[in-house]
Every structure is written in C-alpha cells, then in structure tokens.
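An overview of the molecular structure
Each chain is listed here by its residues.
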Amino acid sequence: MKIGTTNRNFLKFGILCVAMTNGGNMPLVPALGAIKEAMPDVSLPLIQSLLSVQCLFIAFAPMWYAKLLEILPKRRIMQFGMMIFLIGGIMPYFLHQNIWIMLIFRALVGTGNGLCMLLSMDLVVDFFDDHERDSMQGVLSAVANVTGVIYQLIAGYLIQFGWRYAFLTFSLGSIYLILATIIVPEPNRKGKIKAMEGAEDIRAKLNPKVFLFSAVTVLFFIAWMSAFNNMSFTLTTEKLGTAWQIGLVTSCASLGGLILALCFGFIQERMHHNSITLSYILSAAGLFVLYFSHHLVPFACGAALIGMALGIIVPAQITKVTEMVPYSAAPKAIASITFSLGVGQFLQPIVFSFLGEHGQGREGFLAAGIMTVLLIGLIIIVLKITSQKG
C-alpha cells in the first residue's frame, strides 16, 4: 500500500492517537494509597486489583480481537475499543461507593485498552515495513509513556480534591477517539496478504516458539507489576510525600519509559533482540533501587528505571514475535504478547500474596527484584532457542 510522505506522517499521528489509550492504568497509580485510606475495610490486594483487573481484561482482549477481525473492519474495532475505554474510565467517578462496581468498570477499561493496544501495533504492521516498522513500535511505546506521564500528573493533582477525581483523567480519551476516527483509514489487509503470501485467504499458524517466549513474558510481568502495585502504597504509608509529590514520583516511570522508547529504533538496530535482555536488567535494577530508597529523589530514579524497562520490552517483544511468523499470523503473534503481559500483571497481587508481608510494600520490591534476576538467565536461554532455525 503506497502512502505519500505527508499522508504517511498524518497516518502515524492517527495510529498514535489509538495508542494514547495504552497508559490506561496510570491515573490510578498515584491514587492507590488514597483509595486504601478511604476504604480501610477493603484489603490491599483487592485495592491493587483496580490495576490488575484491567490487566486481566487486556489479556482477554486478544481472544475477542481475533473474533472481531472476522466480522468487523478495523476502524469499527478501534471506535468500539476507544469508546468503552472512555466509559469505563470515567464512570467510577460517579459510582465509587462499591469496590466491586468499580472493578466492573475497570474491566471495561482493560477491554478497551487491550483492543486499542493490539490494534495500534497491528496497524503499524499493516502500513509499515522493516526499520520504519520497528521505529514506529518504539514510538507507540513512547506515546503510551507520554500519556502515562500526563495521566499521572493530572491524577496526582486531582486527587487533592478527592481520590475519585482521578477517574476524570480518562475524559482525555474523547479527544483521542475523535482524532483517530478522522485520520485512520481501513487497511487493505487481504491485498497485503495476497501480495506477500500468494492468496488472500491464508491463515498461517503461529511458530510454537512464540508460546515459549510468551510464557517467560508472563513471569516477567508478574515481577515488573510489583513496582506499580507497591509504589503509591509505600510512599503513602511511610509518609514520604504529599499526594501531588507521589503523583510526580510515580510519573517518573512513564518519563523513563518515554526516553528509552524514543530511542528504541536506535537500540534495536544495534542490540537487535538483546534489547529484551537489557529491559530485564533495567527492571531488576529499578526494583532494587526502590527497595533501598527512603527519600523521594532516589525513589523517583527507581521508578524511572522501571519505566525504562517497559519502554523497551513491549516494542522489542512485538518486533521479535512478528519476525518469527508470516504477515498473516502477525495479529496472533501480537495477541500472544498482549495476552502474556496482561496475565502477568493480573497475577502479580495473587502470586505475591502467598509471600505475606514479604510480597507487599517495600518487601515486595525485594522479592520482585530477586525474581527478575533469575529471569535474566532464563530469557538469555529462551532468546537463544527462539533464534535458532526450525
């Protein structure tokens, strides 16, 4: 599909508008501590589920996405996903008296978030190739981190008026929906499959090695999510800062992710898939810095390292698995990674609850850091296996 330079840049902007929903967890990160104080009778793992239930439904999204592709154009899926993201995000501002009702709306946010995440990465594969495609995957991650910074700063400010005001941050989604609807065209997917694979009705199967790679991704995100589930809680309980300062510190994670995501094309070109190992190392370093930090500045540095890991890991993994399969199987490969990161983040409070006090708050950082160090060795082995032919 030939696209002129001007239209190409315009198209990139439209796809980025879809990706701006990908920071959908971030408005609640600085608010978790305040929500726990407002709901003292609700357990901490259940409060943390306001983040993790969204991740679970992000994980479910690949199943729905594959089915929706068979019956709906991608533009309709895009509009549906962005609309339920917007509705699910704002409604807890009005219906916040019951944690279970709030969890239902968080599930809607996760569904919309997951569909839009898949769709934005899939649209990049539809419209771009080679190094331009890799760079755009990095830019998608960068934009998700930009919106994450914006979400957290706005939410950190709004929770000064009451924790439920954090949910009004999701109203920004209405702007993304309008812009994406105006700009993003329907891709000629069947035509590209026919040109690349000989027939438009081909449905290539996934390389089994994709599943091995996805399994390790689940483990990584179980450890990684411990940082986000425990940052606000630790800062609040140890009285290390005000609500606004906590929002500023946690937003450093998104800022760190932004910086490395913008550099992803450069990093990927030089390190190739070793960039995945780099993200594991950054995550481990960030978790240990968080554990040892008792002041806001070093805590912010730890948060930035955690964000840097995310800035690389998602585009690096998408690049890896889409190179392992034909174009017609790319949506399935992307879905496998989205499923894995969603399941991992959802399972984090469940898995770490078995550690008791050692899995929550500051001790949770240490446990996750040790787990990530072990995973560094595992991912090196898996990358070697998945790089072999056959």
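Small disclaimer: the values here were computed from a predicted structure and weren't measured.

Observations concerning empty space enclosed by the protein
One pass over the full model with this rule turns up two cavities of 30 Å³ or more. The volume enclosed by the largest cavity comes to roughly 450 Å³. Looking at the largest cavity, it is lined by 32 residues, and the ones nearest its centre are Asn22, Met117, Ala144, Leu310 and Val314. Here the element with the most residues in the lining of the largest cavity is helix H6 (residues 130-158); it accounts for six residues. Here the lining of the largest cavity is composed, by residue class, of 18 nonpolar, 14 polar and no charged. Taken as a whole, the second largest cavity encloses approximately 40 Å³ of empty space. If you go around the second largest cavity, the residues you meet are Pro45, Gln48, Gln348, Pro349, Phe352, Ser353, Gly359 and Gln360. Elements with a minimum of two residues in the lining of the second largest cavity: helix H3 (44-71) and helix H14 (330-353). For the lining of the second largest cavity, the element with the most residues is H14, which contributes four residues.

Quick word on the side chain of Thr234
Within the secondary structure layout, Thr234 lies in helix H9 (residues 208-237). What Thr234 contacts, discounting residues up to four positions off in sequence, is Phe299, Gly361, Arg362 and Phe365.

Some details on the confidence of the model for the chain
Low-pLDDT portions of the prediction should not be read for the details of their coordinates. Averaged over all residues, the pLDDT of the chain is 83; the fraction at 70 or higher stands at 93%. No element of the chain has a lower mean pLDDT than helix H8 (residues 189-197), at 60, and none a higher one than helix H12 (residues 274-292), at 94.

Conventions we followed
- Residues numbered from 1 in each chain as written.
- Predicted model: local features only at pLDDT ≥ 70, side-chain atom pairs only at ≥ 80, totals over all residues.
- Heavy atoms only, no water.
- 1 Å grid on protein atoms, 1.4 Å probe; cavity = no way out; pocket = protein on both sides within 12 Å on 5 of 7 lines; lining within 4 Å.
- Points joined across faces, edges and corners; volume = space filled by probe spheres on them.
- Helix = DSSP H or I, 4+ residues; strand = E, 2+ residues; numbered from the N terminus.
- Nonpolar A, V, L, I, M, F, W, Y, C, P; charged D, E, K, R; others polar.
- Contact = heavy atoms within 4.5 Å.
- pLDDT = per-residue confidence, 0-100.

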